[in-house]
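One-letter residues, chain by chain:
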Amino acid sequence: MSNEDNKLEHAWSEYTSSIAVYNERETMQSPGHFAKDPAQRFYDQCNVCPIPPRAIARMPVLTLPLRINLIRSTYLGCSSELQRQTIEDIVEVVNNFWSQAGIRWILVDVLDRPLQPFEENGRLPLSRKEEIWSIIRKSPKHSPDGLRKKAFLKEILSLFDYESTTIDT
């Protein structure tokens, strides 16, 4: 075992013992400890007992592909100003955040997806256009929760041929 491995083993041992001490202390001193949501208890533990940087540096990184589809439509009011460089900047910020968890997003592609018109003449029927805008504005309608959103997504997503464009080869 190398000197670096010994240091890592020692750091990991200290980390696990600090977690045991923390959990024992919380169990004995904090009557509401088990009433907390498990995610909150784990979050509190991570704040008090962070993983040693030496151990984090040796953890494998989970790399995930990311494909962005930019819907372009004057009907929906989708901006055409959002470009690939903007998406790359956002992914960089996201990667800085997720690096703590050993996760890295790789931008595979940024695809422009123009919304195809619903009619031959290139115009959106007024009733459909009004429905889309009412969903966007979240104006009150007399329909079950989520029904309009599902109809909207079904209508919009049906315009794209995702089977031929989203399969990684």
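Residues numbered from 1 in each chain as written. Predicted model: local features only at pLDDT ≥ 70, side-chain atom pairs only at ≥ 80, totals over all residues. Heavy atoms only, no water.

Q: Would you take a moment to explain the overall build of the chain for this structure?
A: Of regular secondary structure, the chain possesses 7 helices and 2 strands. Helices and strands appear in the chain in the N-to-C order α-α-α-β-α-β-α-α-α. Of all 169 residues assigned to the chain, the portion counted as buried reaches 21%. Across the chain, contacts joining residues at least 24 apart in sequence account for 66% of those joining residues at least 6 apart. (Helix = DSSP H or I, 4+ residues; strand = E, 2+ residues; numbered from the N terminus. Buried < 20%, exposed > 50% of the residue type's maximum accessible area, 1.4 Å probe, protein only. Contact = heavy atoms within 4.5 Å.)

Q: Help me understand the pattern of salt bridges, please; the structure alone is not making it clear to me.
A: Pairing between side chains of opposite charge can happen when the charged atoms of each approach one another. Taken as a whole and assessed by the stated rule, the structure comprises 2 salt bridges. For the salt bridge of lysine 36 with aspartate 44, the shortest nitrogen-to-oxygen distance reads 2.8 Å. Take lysine 36: its relative accessible area is 28%, and that puts it in the partly exposed class. Here aspartate 44 falls in the buried class, since its relative accessible area comes to 16%. Residue arginine 84 pairs with glutamate 88 through a salt bridge whose shortest N-O separation is 2.9 Å. Of this pair, arginine 84 and glutamate 88 both sit in helix α4 (residues 84-98), separated by 4 residues, roughly a single helical turn. (Salt bridge = Lys/Arg side-chain N within 4 Å of Asp/Glu carboxyl O.)

Q: Please clarify how the layout of surface pockets should be interpreted in this entry.
A: Gaps between atoms show up when a probe of the same size as a water molecule is rolled over them. In this structure, the largest pocket encloses a volume near 290 Å³. What lines the largest pocket is Tyr15, Phe42, Tyr43, Cys46, Asn47, Cys49, Pro50, Ile51, Ile56, Met59, Gln100 and Ala101. Here the lining of the largest pocket gets 4 residues from one element, more than from any other, and that element is helix α2 (residues 38-48). Per-class residue counts for the lining of the largest pocket are 10 nonpolar, 2 polar and no charged. (1 Å grid on protein atoms, 1.4 Å probe; cavity = no way out; pocket = protein on both sides within 12 Å on 5 of 7 lines; lining within 4 Å. Points joined across faces, edges and corners; volume = space filled by probe spheres on them. Nonpolar A, V, L, I, M, F, W, Y, C, P; charged D, E, K, R; others polar.)

Q: Explain the nonpolar core here, please?
A: If you look at soluble globular proteins, the nonpolar side chains tend to sit buried side by side. If you look at the biggest cluster of nonpolar residues, it comprises 5 residues: Leu70, Ile87, Val91, Leu107 and Val110. Once residues lying within four places of it in the same chain are set aside, the contact partners of isoleucine 87 are Ile68, Leu70, Leu82, Leu107 and Val110. (Core = buried A, V, L, I, M, F, W, Y, C linked by side-chain atoms within 4.5 Å.)

Q: Can you walk me through the packing of helix α1 (residues 3-29) against α2 in this structure?
A: The axes of two packed helices give the description: the angle between them and the distance between them. Running from N to C, α1 and α2 point in directions that differ by 125°, and their axes come no closer than 10 Å. One finds that α1 runs oblique with respect to α2. For the pair α1 and α2, the crossing hand works out as right-handed. Residue-level inspection shows Ile19, Tyr22, Asn23 and Arg25 of α1 in contact with α2, the latter providing Asp44, Gln45 and Val48. Across the contact of α1 with α2, the residue classes tally to 3 nonpolar, 2 polar and 2 charged. (Axes fitted to C-alpha atoms, helices over the stretch in contact; angles between N-to-C directions. Parallel < 35°, antiparallel > 145°, perpendicular 65-115°, else oblique. Left-handed = near helix turned anticlockwise from the far one by under 90°.)

Q: Explanation requested: the packing of aromatic side chains in the structure shown.
A: The way to describe two aromatic rings as a pair is by their centre distance and the angle between their planes. Tallying each qualifying case throughout the model produces 2 aromatic pairs. When the centroid spacing of 5.6 Å and the interplanar angle of 85° are considered together, the rings of phenylalanine 97 and tryptophan 98 count as edge-to-face. (Phe/Tyr/Trp six-rings, centres within 6.5 Å; stacked < 30°, edge-to-face > 60°.)

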